[in-house]
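# Breakdown of the fold
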Amino acid sequence: AVELLVGRFRGSMVGALMGDCLGAPFEAEPRAARSVLNSYFKRLSCPDIKVPYKAYTDDTAMTRCVALSLIQEKGYNAEDMAKRFVKEFYAEPRRGYGSNVVDVFAALRISKFEDVYGPAAWQFGGSGSYGNGGAMRVAPVALFYHPAPDQKVVSVAKDMALITHGNRLGYNGAVLQCLAIREALHTPTNQLDVVKFIQSLKEMMKKVETLGEDEILEKGQIEFEYTGRLSRLASLMERGDQVSIDAVEEELGNDISAHRSVPTAIYSFLRASNSIPNIEAETAFMRTIHYAISLGGDTDTIASMAGSIAGAFYGIAEIPESLQRHCEGLAEAIQQADQLHSLATNT
Ligand code: 8NA
Ligand code: MG
Ligand code: MG
Ligand code: MG
């Protein structure tokens, strides 16, 4: 069982990496047809094909910072994590960061990290970012804290997101993504019950989204945004193959906002646990990545989030090596998964 768990840690970290690297060429492009994606994956799978590395983007750059900080500090340390984000950004600024989050990095640096959560709180005139940048990097938190009680997992995911994402939709998206990875990690591979999986997330999110004393709802926001989207997700799952890509975009979304991408990533994982018409995939894990990319929009981030959930569920053995090898930073993702695993089980 211990070996299985380490395989799931690796699956989650490599799954996040693969969704980012293989999804990035399609980000913000017109949707790629399933036949085009079938050829894309088939070509990459050819043993004799040599292509340049598929580069990772901001999603992975930040996930690596989260992992290294948790490993080095043996737990969440806000200042250390913020420093790593800033150092990483200024070392490699051209990884495709969101257009506003870069202002947080600049403000953190200028203020010498005096108030780690301050700059994010001031974004967008004080409402904070609801981009999916907090959610896209949360996998190491889910892995490291997986044995901890719900409350602890929720508070670390939220705080880690708050370094850059002050809007409650932004940090609650990170919380949901974190809980989804942890739920997948804890579900036996032959016992995925879609209804139960969604129900469990809904129950936790209902508590998370109950308005705290220090929270206010902005104009146009509703209290139970994620809980509501999980209900829609459940209805979509009931409709099986009848659900079109347009319907997914309409009901769940496919853009850079957390509330219009995290539920979509979870849906991709659940939908791809069964076969999908016209998707040829070696494994259910690969079907998840393929399906997530086929939804268009923020393809790298949705595929990365779906990949980290699917990888935590299926494990690394279901991720074809012929495709892993194309991802920049593969060895580091595996190494970090192993380090997170030994820390998570020893503490
Ligand atoms: P962010 O905090 O800059 O947010 C991303 C964007 O969301 C902002 O630039 C705004 O357009 C919008 N936004 C967020 N909060 C608000 C608000 N309160 N009011 C109005 N607009 C708002 O960066 P992030 O780290 O959340 O971004 C992550 C995404 O950026 C990922 O998809 C990542 O891959 C990257 N990215 C996405 C695209 C794309 O078009 N899909 C392109 C390049 C980079
Ligand atoms: Mg990206
Ligand atoms: Mg609060
Ligand atoms: Mg993206």
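The structure reproduced in this document is the subject of the present report. Computed from a predicted model, the values in this text were never measured in an experiment. (Residues numbered from 1 in each chain as written. Chains lettered and ligands numbered in written order. Predicted model: local features only at pLDDT ≥ 70, side-chain atom pairs only at ≥ 80, totals over all residues. Heavy atoms only, no water.)

We now examine the site of ligand 1. If you check the shell around ligand 1, you find 23 residues, and the closest are G96, N100, S129, H165 and D298. Between G133 and ligand 1, the recorded distance is 2.9 Å, taken from a backbone N or O atom to an oxygen atom. Within the side chain of T301, an N or O atom sits 2.9 Å from an oxygen atom of ligand 1. Contact with the protein chains covers 80% of the free accessible surface of ligand 1, which is 840 Å². A molecule is said to occupy a pocket when more than half its atoms come within 2 Å of that pocket's grid points, and by this definition ligand 1 occupies the largest pocket. The set of elements that each furnish at least two residues to the shell around ligand 1 consists of α3 (58-73) and α16 (299-314). Per-class residue counts for the shell around ligand 1 are 6 nonpolar, 12 polar and 5 charged. (Near = heavy atom within 4 Å. Polar contact = N/O pair within 3.5 Å; in protein donor to acceptor, adjacent residues only side chain to side chain. Areas by Shrake-Rupley, 256 points an atom, 1.4 Å probe, with all protein chains shown as cover. 1 Å grid on protein atoms, 1.4 Å probe; cavity = no way out; pocket = protein on both sides within 12 Å on 5 of 7 lines; lining within 4 Å. Sits in = over half its atoms within 2 Å of the grid points. Helix = DSSP H or I, 4+ residues; strand = E, 2+ residues; numbered from the N terminus. Nonpolar A, V, L, I, M, F, W, Y, C, P; charged D, E, K, R; others polar.)

Moving on, we come to the coordination of the magnesium ion (ligand 4). Summarising the metal site, the magnesium ion (ligand 4) is bound by the protein donors E27 (OE), D298 (OD), D300 (OD) and T301 (OG1), whose distances to it range over 2.0 to 2.2 Å. In this structure, the magnesium ion (ligand 4) is surrounded by 6 donor atoms whose angles at the metal cover 77 to 171°, and the resulting shape is octahedral. All donors of the magnesium ion (ligand 4) belong to a single chain; written as a sequence motif, their spacing is E-x270-D-x1-D-T. For the pair the magnesium ion (ligand 4) and the magnesium ion (ligand 2), the metal-to-metal distance amounts to 3.6 Å, and D300 bridges them. Of this pair, E27 sits in the loop between α1 (2-23) and α2 (34-45) while D300 sits in helix α16, and the two are 273 residues apart along the sequence. A relative accessible area of 29% means that E27 is categorised as partly exposed. (Donors = N, O, S within 2.8 Å, 3.2 Å for Na, K, Ca; no water. Tetrahedral: all angles 85-135°; square planar, octahedral: opposite > 155°, others 65-115°. Buried < 20%, exposed > 50% of the residue type's maximum accessible area, 1.4 Å probe, protein only.)

Moving on, we come to the coordination of the magnesium ion (ligand 3). Donor atoms from the polypeptide that bind the magnesium ion (ligand 3) are K158 (NZ), D214 (OD) and D214 (OD), placed at 2.5 to 2.8 Å. With K158 in helix α9 (residues 150-162) and D214 in the loop between α11 (194-209) and α12 (225-238), this residue pair connects regions lying 56 residues apart in the sequence. Residue classification places K158 among the partly exposed positions, given a relative accessible area of 23%. Residue D214 is classed as exposed on the basis of its relative accessible area, which comes to 69%.

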